[in-house]
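# Coordinate analysis (summary)
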Amino acid sequence: MVSENKKKKIMFIGSMIVALMFISSYASFGNNNISSSTTTIQKSTGPEYYVSGEVNGTITGYSQNALLKVSNNSSSMQKSIISTLSRMEANGSISNYVQVTDGYDIVTGSMDAYLLQHYFFNSYGASNVSVSAKSTVKLPPTIVLYYLGRPINAVVAGTYNLSISPLIANGSVVALNAHAIVNGTGAINGAIQLTTIGS
């Protein structure tokens, strides 16, 4: 017969073997879980794509700074322009103006940049003067841009600034070329570049 001490030793050794098997099995499962979660994180960030396409934007306003260019450099035209600007400053249509190499830098007043352009076109003709300013453009919340011919939905947030000439009325829709870098979720990384079609 096996003594009581031998029975206890055999039971102890058996318990240790079972415990070691359980620990090694648990460690193996744990490593698999870590590997799986790492792969999921990598897939969620995804690669980046350079995308481009045509989109429609809506003009929502203009900056207070505008540039008036005068193509007719005759002395009579220059005198007339300065006289007009002085009168507009006096009545509050503009806040200030400074003559620069390209023409006149104007800070608008009661007239926004678009109305200023309309006034000068009517007074001097579109062939003699031009007005440019930074516009604020609103895009749809989601736009479709293309990566190697494949459409990608890009998520757009907020409004964007765009230089255009001639200026168009607030609320008008303008066709734009858009360029951006997006990640796998469609979020735009950095800034979106916008230019008017044909510029």
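Rules behind the numbers
- Residues numbered from 1 in each chain as written.
- Predicted model: local features only at pLDDT ≥ 70, side-chain atom pairs only at ≥ 80, totals over all residues.
- Heavy atoms only, no water.
- Helix = DSSP H or I, 4+ residues; strand = E, 2+ residues; numbered from the N terminus.
- Buried < 20%, exposed > 50% of the residue type's maximum accessible area, 1.4 Å probe, protein only.
- Contact = heavy atoms within 4.5 Å.
- Areas by Shrake-Rupley, 256 points an atom, 1.4 Å probe, with all protein chains shown as cover.
- Expected span 1.5 Å × (residues − 1).
- Arc of directions from axis to C-beta.
- Polar contact = N/O pair within 3.5 Å; in protein donor to acceptor, adjacent residues only side chain to side chain.

## Examining the overall build of the protein
From N to C terminus, the protein includes three helices and nine strands. Going from the N terminus to the C terminus, the protein shows its helices and strands as α-β-α-β-β-α-β-β-β-β-β-β. Looking at the protein as a whole, 29% of its 199 residues are labelled buried. Within the protein, counting contacts between residues at least 6 apart in sequence, those at least 24 apart form 66% of the total. For the protein, the accessible area works out to roughly 12600 Å², and carbon and sulfur atoms hold 57% of it.

## Regarding unusual backbone geometry
Cis peptide bonds are those with omega within 30 degrees of zero, and the linkage from Ser 165 to Pro 166 qualifies with -5°. By the secondary structure assignment, Pro 166 is in the loop between β7 (159-164) and β8 (173-182). For Leu 148, which is not a glycine, the phi torsion comes out positive at approximately 50°. Within the secondary structure, Leu 148 sits in the loop between β5 (142-147) and β6 (150-155).

## Details of helix α3 (residues 113-124)
Taking 1.5 Å of rise per residue, the twelve residues of α3 would be expected to cover 16 Å, and the 16 Å separating its terminal C-alpha atoms lies within 8% of that figure. All of the buried residues in α3 are Ala 113, Leu 116, Gln 117, Phe 120 and Tyr 124. Considered in projection along α3, the buried side chains sweep an arc of 100° and stay on one side of the axis. In this structure, the buried side of α3 is in contact with β1 (49-70), α2 (75-91), β2 (94-100), β3 (103-108) and β4 (129-138). Sitting at the amino-terminal end of α3 is Asp 112, which places a side-chain oxygen 3.2 Å from the backbone nitrogen of Tyr 114. Count one or two residues on from α3 and you reach Gly 125, which has phi positive near 90°.

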